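Examination of the molecular architecture
Spelled out from the first residue to the last, the chains are:
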Amino acid sequence: MDVNRILLDILIVLLAAKVAAELADRVNVPAVVGEIAAGVLIGPSVLGWVHGSEALSTLAELGVILLLLEVGLEMDLGELSSVGRAALSVAIVGVAVPFLTGALAGLAMGMNGKEAVFVGAALTATSVGITARVFGDLRALATVEARTVLGAAVADDILGLVILTVVVRVVTQGSVSAWGVISVVLVAVGFVVLTTAIGVRFVPPLFALVRRHSRSAGTLVAIALAFTLAVSELAHAAKLAPIVGAFVAGLALARSSASGRVRRELAPVAHLLVPVFFLQIGIDAQVDQFARPAVFGTAAVLLVVAILGKLVSAVGLAGSPGDRLLVGIGMIPRGEVGLIFATLGLKQGVFGQDIYASLLLVVLVTTVATPPALRWRLLALRAKRAGSDAVASTAGVGLARLDDDGVVVLDAEPIANDALVVAIRAARLSAGHRPSPELLEWLDNFPPGPRRWDDGARGELFALLREGDARSWRMLTASSVLQQALPELDDALEQRQHALDVDPLSALRFERLARVCELLDLEFELEPKYVHAVLLAALALDACDDDTDAGVGVARRTAQRLDLGVHTEEAVTSLVTDAVLLRAAARRLDALWEESVLQIAVHLGSVEQLDALYLLTRADDEDGRIDRERLAALYQLVRAALDPSEIGGREVANEVERRRARAQELVVDETLRARLAAAPRAYVLTQRPSDLARHAGMCEPPPGPDEIRVVVRATGGRARVEVVARDRVGLLARFTQVLSDAGFSVTQAVATTWGDGTALGCYELDPADLPSPDTVRAALVTALDSPLEAKPVSDVALAFDDESSPWHTRCTVTALDRPGLLHALAAAFAVAEVSVHAARITTDGPRVTDYFDLTDRHGAKLDDRVKATVVEAVLHGGRPRKRMLSRLRRNVVVL
């Protein structure tokens, strides 16, 4: 086995798959078509870069198992049972007619019995993924025709899997006796029914147990994949196709509370492996066979059978509403399921490359041709219906309700002003109930125009957030309701739909929102406006797949359109912005220290905002990433800092203003009061009021360019050195050099700069020998006159964290402890033009770990370019640029 060759093949296949998918998406062609074409291009037929191998075949087999697992995960058994007689009738006709006519056509063209049967089977299944994507793009999923087609396509997949199993067993056993067929059907149906029933009953509680007790991030998804492979092996042991087992495993997992997480964590793996299956099809295809007249002739006959067989399926609509031609067109695409049939036929040796090439052409043509045909018919119907429904009914206010049979119906057609509230109410009631055809028709022709939100519509929306499900949101997105009412949210949901989704429901399952609702019911009590804020924040984060930048825009515009007021709008956007703040902060070693707690308290500003953020954070802890006890401890400390009613709480909610006010009471001079009023809040948080008052006195009047004021005091068994000077390049780095050269170790320090350029530094030293103020002043003057240079620091590791602080980028530096290390780091930060706001130093044996809070010279968090500059300055040293000014911009350094 040539490992290097295999790795190169995998490299080429993965790159080709992604490039093909991107190109296909840009020209509005199904990704599966682009992937097959890419396989043909890189395969032996054209470029010859990749040839078939056992390794690629194994990856392709895993890909098709993941594909069928995803199909099963997306299937809703409740929806399958409610598709109605029309969908089931369309499915049966749509399977029986292509199967029989395809087999007869094969026999007429000279195929043997096995070949003809397999060809007929390959023409049965409808690609639910392609059809759903087209209806979704045209916002027609709420129409009677779309629901009928999707329901029939789902049933088609199940019937097709049974047929596939029967055909594979028959052709491999070499027997076509009646009893052989009946026994295979019984085994296939029995396996699907029995394993599905057992799985649906026992798998959800089993995975709920695993989810509750697992600690490793990958445990749940690994067990889900192992379960899928086990059921696939069980299907193989029953002499069924392994993909049948994968499909059944997906059906069972879909009912589990962990299905969302399994689906989400398997998606990246599926994105890698499923395209390999389709590329393998193109790699194995022999393009030169397509040019043969026999292949074109066979493909032409089978294409006619494939199209007419599905168009005829619309006779199943007899007695039911809907356009038959639209339903028939929607059933045409074969897509990935047809490819699975054809590939299995080739691998089993049922037929050769000629028939395989013909089936491949049929699949490609039906897959590519259906979307434009669907679009044409649907737009024609809309134009026709718009003309016939030009006069809207205004007889009364229509209300959506449940009738005696549990069907969501309209009492009357709503007037235009009530259309929005009725649509949202209908969507909410459709969670677990079937909408009537009349309701779906009204939604499909929803009155156009922008929507104004009133109290009734807002109330229904928040009720929908608490009670709705994926079907509810599908009803709003499939029609034009959500696009008209909340276009930013609708656009985000449309972008969330990815190419591998087999139906639109996956993009409309909001796991975080569901857990927020669960926690609101069980544990949390919030004020109504904060309930609304946390619900909208969870919805925005779900809709944007936890992209906080995109989520902030969606949340803000949604709150504005709902006219919730400035306060709620700011609460919503702050919750989205800070979504990971508590989680990231709780992981830090200094999370429970007073300064860290007070920083978060000052940033959040109110107990209500903290409670809402804590709820949002708890709702994001599906996979146990958070230390619950540590998060709860941090929450309680921040709450105590904000809430004066808490036992042990502070006298006022705003600790910064309390300390500033107490310090101002200790001074008489108005100049000192003004300096205290302008003191940076992060600095104020680190000092006692008496220290604040003394520092203000040291800073007045402001020092001249060459003036340095030094005070040395004994405090708590340690030496405390306080320095006031004009701010200048590398002041912190130069002073740490002075202390290091004098043999002192800095154990704690505070430094800040006012807007007038007055810089203050307070340093606690160990050992406690008191240095002479004159000695310190002279050494500092000498250091300030010497050029600043950062020495390289080897064997050091730096890590940056932008999430755990609302204001700073937190940098963790790990290195071997050595004299002058702190100065070297401070000098490197000065060279990189970043300000240090806080730091903690910990030593463990020979190694030291330092934690720094940093901002750039504009006071913002560090971007990637500045981070790279910091790393360069630490590892390789350097000197500041001459034009650089050391401006801490009212920031504090705690060492």
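Within each chain, residue numbers correspond to sequence positions counted from 1 in written order. Note on the predicted model: pLDDT of at least 70 is required for a residue's local features to be given, and 80 or more for side-chain atom pairs to be given and counted; whole-chain, interface and lining totals, by contrast, use all residues. Note: side-chain values were computed over all heavy atoms of the structure, leaving out hydrogens and water.

1. Overview of the overall build of the chain
Going along the chain from the N terminus, every DSSP run of H or I of four or more residues is numbered as a helix, and every run of E of two or more is numbered as a strand. Each helix and strand counted, the chain has 38 helices and 12 strands in total. With 895 residues in all, the chain has 55% of them scored as buried. Across the chain, the fraction of contacts at a sequence separation of at least 24, relative to all contacts at a separation of at least 6, is 74%. Per element, the accessible surface of the chain, about 37200 Å² overall, is 58% carbon and sulfur. Buried means the residue's accessible area, taken with a 1.4 Å probe over protein chains only, is under 20% of the maximum for its type, while exposed means over 50%, and partly exposed covers the values in between. Here a residue-residue contact requires only that any non-hydrogen atoms of the pair lie within 4.5 Å. All accessible-area figures derive from a Shrake-Rupley calculation using a 1.4 Å probe, and residue coverage is judged against the displayed protein chains alone.

2. Quick look at helix 20 (residues 470-478)
With respect to burial, helix 20 is a largely interior element, 9 of its 9 residues being buried. For helix 20, every residue scored as buried is listed here: A470, R471, S472, W473, R474, M475, L476, T477 and A478. Sitting at the amino-terminal end of helix 20 is D469, which places a side-chain oxygen 3.1 Å from the backbone nitrogen of R471. Under the rule applied, a polar contact is a pair of N or O atoms within 3.5 Å (in protein, one hydrogen donor and one hydrogen acceptor; residues adjacent in sequence only if both atoms are side-chain atoms).

3. Concerning the pattern of salt bridges
Between Lys or Arg on one side and Asp or Glu on the other, a salt bridge is scored when a side-chain nitrogen of the former is within 4 Å of a carboxyl oxygen of the latter. With the rule as written, the count across this model stands at 20 salt bridges. The partner of R512 in a salt bridge is D546, and the shortest N-O contact between them spans 2.4 Å. Of this pair, R512 sits in helix 23 (residues 511-522) while D546 sits in the loop between helix 24 (528-543) and helix 25 (548-561), and the two are 34 residues apart along the sequence. Looking at R512, the relative accessible area reads 4%, which means it is buried. When the shortest N-O distance is used, the salt bridge between D691 and R694 registers 3.1 Å. On the criterion of helical spacing, the pair formed by D691 and R694 is a turn pair, its members being 3 residues apart in helix 34 (residues 689-699). For D691, a relative accessible area of 6% translates into the label buried.

4. Some points on the sheet that holds strand 2 (residues 407-410)
Any two strands with at least two DSSP-identified bridges between them are counted as paired. Strand order in the open sheet formed by 3 strands is 1-2-3, with mixed pairing between adjacent strands. Two strands in the sheet have a free side with no partner beyond their single neighbour: strand 1 (400-402) and strand 3 (434-435). Relative to strand 3, strand 2 runs parallel, the two being bridged by 2 bridges. The residue of strand 3 that forms the bridge with V407 is R434. Geometry is summarised by axes, namely lines fitted to C-alpha atoms with helices restricted to the contacting stretch, and by angles between N-to-C directions that run from 0 to 180 degrees. Relative to the sheet, helix 17 (residues 419-429) contacts strand 1 and strand 2, its axis offset from that of strand 1 by approximately 20°.

5. Some details on the packing of helix 29 (residues 607-619) against helix 30 (residues 628-642)
Between helix 29 and helix 30, the least distance of the axes is 10 Å, while the angle of their chain directions is 170°. Considering their axes alone, helix 29 and helix 30 lie roughly antiparallel with respect to each other. Contact residues: V607, L610, D611, Y614, T617 and R618 in helix 29; R628, L631, A632, Y635, V638, R639 and L642 in helix 30. Orientation is classified from the angle alone, with under 35 degrees giving roughly parallel, over 145 giving roughly antiparallel, 65 to 115 giving roughly perpendicular, and any other angle giving oblique.

6. Describing the packing of helix 32 (residues 670-677) against helix 34
Running from N to C, helix 32 and helix 34 cross one another at 115°; their axes reach a closest spacing of 9 Å. What the angle tells us is that helix 32 and helix 34 run roughly perpendicular. The crossing of helix 32 and helix 34 is right-handed. Together, L672, R675 and L676 of helix 32 and L692, A693, A696, G697 and C699 of helix 34 make up the contact between the two elements. When the residues that make up the contact of helix 32 with helix 34 are grouped by side-chain class, the tally is 6 nonpolar, 1 polar and 1 charged. Two helices cross in a left-handed way if the nearer one is turned anticlockwise from the farther one by less than a right angle. They cross in a right-handed way if the turn is clockwise. As a working rule, the residues Ala, Val, Leu, Ile, Met, Phe, Trp, Tyr, Cys and Pro are called nonpolar, Asp, Glu, Lys and Arg charged, and the rest polar, with Gly in that last group.

7. Here we look at unusual backbone geometry
Residue E700 is joined to P701 through a cis peptide bond whose omega torsion reads -10°. Mapped onto the fold, P701 is located in the loop between helix 34 and strand 4 (708-715). You will see that D546, though not glycine, has its phi angle at about 65°, which is positive. Here the phi dihedral of D563 falls at roughly 55°; this positive angle occurs in a residue that is not glycine. Mapped onto the fold, D563 is located in the loop between helix 25 and helix 26 (566-577). Residue D563 is classed as exposed on the basis of its relative accessible area of 56%.

8. Quick word on the confidence of the model for the chain
Caution applies to low-pLDDT parts of the model: their predicted coordinates are not meant to be read in detail. Averaged over all residues, the pLDDT of the chain equals 76, while 77% of them reach at least 70. The pLDDT value expresses, per residue, how confident the predictor is, ranging between 0 and 100. Across residues 386-397, confidence stays below pLDDT 50; counting only partners more than four residues off in sequence or on other chains, it has 11 contacts. This model gives residues 883-895 a pLDDT under 50, and the stretch forms 58 contacts once residues within four places in sequence are excluded.

9. Details of a nonpolar patch on the surface
Here the term patch refers to residues with relative accessible area over 30% and no salt bridge, with like charges joined within 9 Å and nonpolar side chains (Val, Leu, Ile, Met, Phe, Trp, Tyr) within 5 Å. A surface patch of nonpolar side chains, amounting to about 380 Å² of accessible area, comprises L41, V46, L47 and W49. With respect to the element layout, L41 can be found in helix 2 (residues 31-42).

10. A look at the side chain of E115
Here E115 shows up in helix 6 (residues 113-122). Setting aside its immediate chain neighbours within four residues, E115 contacts V350, F351 and I355.

11. Considerations on the packing of aromatic side chains
Stacked, edge-to-face and tilted labels apply to pairs of Phe, Tyr and Trp rings (six-membered ring for Trp) whose centres lie within 6.5 Å, assigned for plane angles under 30 degrees, over 60, and everything in between, in that order. Summed over the entire model, instances satisfying the criterion amount to 4 aromatic pairs. Ring plane angle 70° and centroid distance 6.0 Å describe the contact between F207 and F227, whose orientation is recorded as edge-to-face. Taken together, the residues F207 in helix 9 (residues 178-213) and F227 in helix 10 (residues 219-237) connect sequence positions 20 residues apart. Members of the aromatic cluster, joined through ring pairs, are F524, Y614 and Y635. The criterion is that NZ of a Lys, or CZ of an Arg, lies within 6 Å of the ring centre and within 35 degrees of the ring normal, and then a charge sits over that ring. When the ring centre of F202 is taken as reference, the NZ or CZ atom of R201 above it lies at 5.2 Å.

12. Thoughts on the pairing of strand 11 (residues 847-856)
Most of strand 11 is tucked away: 9 of the 10 residues are buried. Sheet analysis places strand 9 (residues 809-816) next to strand 11, joined by 8 bridges and oriented antiparallel. Residue L816 lies in a different strand from strand 11, and its bridge partner there is R847.

13. Quick notes on the nonpolar core
Across soluble globular proteins, nonpolar side chains show a tendency to be buried alongside one another. Side-chain atoms within 4.5 Å link the members of a nonpolar core, which is a set of buried Ala, Val, Leu, Ile, Met, Phe, Trp, Tyr and Cys residues. The biggest cluster of nonpolar side chains holds 107 residues, and the ones touching the most others in it are W453, W473, L489, V516, L535 and L616. It is helix 24 that provides the largest number of residues to this core, a total of 12 residues. Setting aside chain neighbours within four positions, we find V516 in contact with V534, L535, A538, L615, L616 and A619. Membership of the second largest hydrophobic core comes to 78 residues, among which are L73, L253, A306 and L360.

14. What to know about the environment of L14
Along the chain, L14 turns up in helix 1 (residues 3-26). In this structure L14 comes out as partly exposed when scored by relative accessible area, which is 29%. Distance in space between the C-alpha atoms of L14 and L273 is 8.5 Å, their sequence separation being 259 residues. Apart from the residues lying within four places of it in its own chain, the contact partners of L14 are L272 and V276.

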